[in-house]
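# Secondary and tertiary structure notes
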Amino acid sequence: MHSEITSLREEAENAIRTVTDARGIDEFRVRFLARKGSIAALFDRLKTAAPEDRPALGKMLNELRSAVQQMLDEKSGAIQAPASGEAAPADLSLPGRRGFIGSKHPLTQTLDEIRAIFVSMGFGVADGPEIEDDYHNFEALNFPPDHPARDMQDTFFLGPRALLRTHTSPVQIRVMEEHQPPLRVIMPGKVYRNEAISARSYCMFHQVEGLCVDRGVTFAELKGTLIEFITRYYGAGLKFRFRPTFFPFTEPSADIYISCFICGGKGCRLCKQSGWLEILGCGMVDPNVFRSVGYDPEVYTGYAFGMGIDRIAMLRHGIDDIRLFFDNDIRFLNQFRQ
Ligand code: PHE
């Protein structure tokens, strides 16, 4: 047994020399030091040795075990050392690396500008959930049960009760459920529509909703507020027009157009040769909407408006594909550093 201990030591010394990686370390440990390893096997055989030899053999085996453990420790130290952070000293001749500073997404910038104008006119800011129910997205907004906007083609349904909001108007309902007039708020956020994805439309985009409710609010106030916004945002020289339209939740309703700032109103591809660009929908809050939130339509009147942010940002920066906003391509985003 004496010679077996000596040759096992030699065996271990040879084996440790061939170990170069963490896997080798593990194999070495299993082979020699584990509970079923070769050193443990020799300890087992100690019982069969002559009683007078056992103390000396036991001592040799203990020494062997700590020697092999030491080989293992030294080897794993050597393998891990380069990764321990105290690697080669810094190479001062290398070129520097420029720090990367992020920037605001062009849509965030657009929203910030729009918000600043409304806040300066006394509007507060509110938000609401992107996952809505039929009641807030349609019913309370006076959509008849068979209105085409409820169609599966437009709305992403998440189940029998839940859907992704198709506009920010449900936030009007939520704000009015929580607060009594007078109210003057804008409500920015994401909206979702199940439309074919193309350069001009995406399944998700952004709107800013506006709502003002008080005693005696008139259409003249709606016009004054929105004209103030348009001239501050687009510049004073711009021409604009209001055209009657229909929304279930406003009556009367209008779409606001501005003269196309690409062609100056002469007609181009962007404005589809009309000379005008539609930028927002608006109107006086329908009495039925007030009834659904428990406001008395004989006491209160109000106006609401909604505008798409993505198109405004596209027009402003001359971006011809809405999908660029959502690709997160750093080469695109870097062009909008402020
Ligand atoms: N919710 C309408 C839309 O998504 C916009 C709108 C809001 C119109 C408020 C009138 C009043 O098209």
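Residues numbered from 1 in each chain as written. Predicted model: local features only at pLDDT ≥ 70, side-chain atom pairs only at ≥ 80, totals over all residues. Heavy atoms only, no water.

This brings us to the site of the ligand. In the region of the ligand, 14 residues are neighbours, and His167, Ser169, Arg193, Gln207 and Glu209 sit closest. The contact in question runs from a nitrogen atom of the ligand to an N or O atom on the side chain of Ser169, over 2.9 Å. Residue Gln207 places a side-chain N or O atom 3.0 Å away from an oxygen atom belonging to the ligand. If the ligand stood free it would expose 330 Å²; the protein chains cover 89% of that surface. Sorting the residues of the shell around the ligand by element identifies helix 7 (169-178), strand 5 (204-214), strand 8 (276-285) and strand 9 (301-308) as the ones contributing at least two each. Considering every element that reaches the shell around the ligand, the biggest residue donor is strand 9, with three residues. Residue classes in the shell around the ligand are distributed as five nonpolar, seven polar and two charged. (Near = heavy atom within 4 Å. Polar contact = N/O pair within 3.5 Å; in protein donor to acceptor, adjacent residues only side chain to side chain. Areas by Shrake-Rupley, 256 points an atom, 1.4 Å probe, with all protein chains shown as cover. Helix = DSSP H or I, 4+ residues; strand = E, 2+ residues; numbered from the N terminus. Nonpolar A, V, L, I, M, F, W, Y, C, P; charged D, E, K, R; others polar.)

Its domain assignment divides the protein into domain 1 (2-80) and domain 2 (106-336). Inter-centroid distance (C-alpha atoms) of domain 1 to domain 2 is 77 Å. (Domains from an automatic or database assignment.)

What follows is about the packing of aromatic side chains. According to the stated counting rule, one finds 16 aromatic pairs in the structure shown. Ring geometry for Phe143 versus Phe249: centroids 5.9 Å apart, planes at 40 degrees, classification tilted. One end of the pair, Phe143, is in the loop between helix 6 (134-137) and strand 3 (162-164); the other, Phe249, is in the loop between strand 6 (240-247) and strand 7 (250-259), and 106 residues separate them in sequence. Like Phe249, Phe143 is buried. (Phe/Tyr/Trp six-rings, centres within 6.5 Å; stacked < 30°, edge-to-face > 60°. Buried < 20%, exposed > 50% of the residue type's maximum accessible area, 1.4 Å probe, protein only.)

Further remarks concern the pattern of salt bridges. Scanning all chains against the criterion turns up 16 salt bridges. In this structure, the salt-bridge partner of Glu13 is Arg9, at a minimum N-O distance of 4.0 Å. One end of the pair is Glu13 and the other is Arg9, both in helix 1 (residues 2-18) and four residues apart, which spans about a single turn. On the basis of relative accessibility, which here comes to 35%, the residue Arg9 falls in the partly exposed class. Each of the salt bridges in this network shares a partner with another, and the network as a whole consists of Lys104, Asp112 and Arg115. (Salt bridge = Lys/Arg side-chain N within 4 Å of Asp/Glu carboxyl O.)

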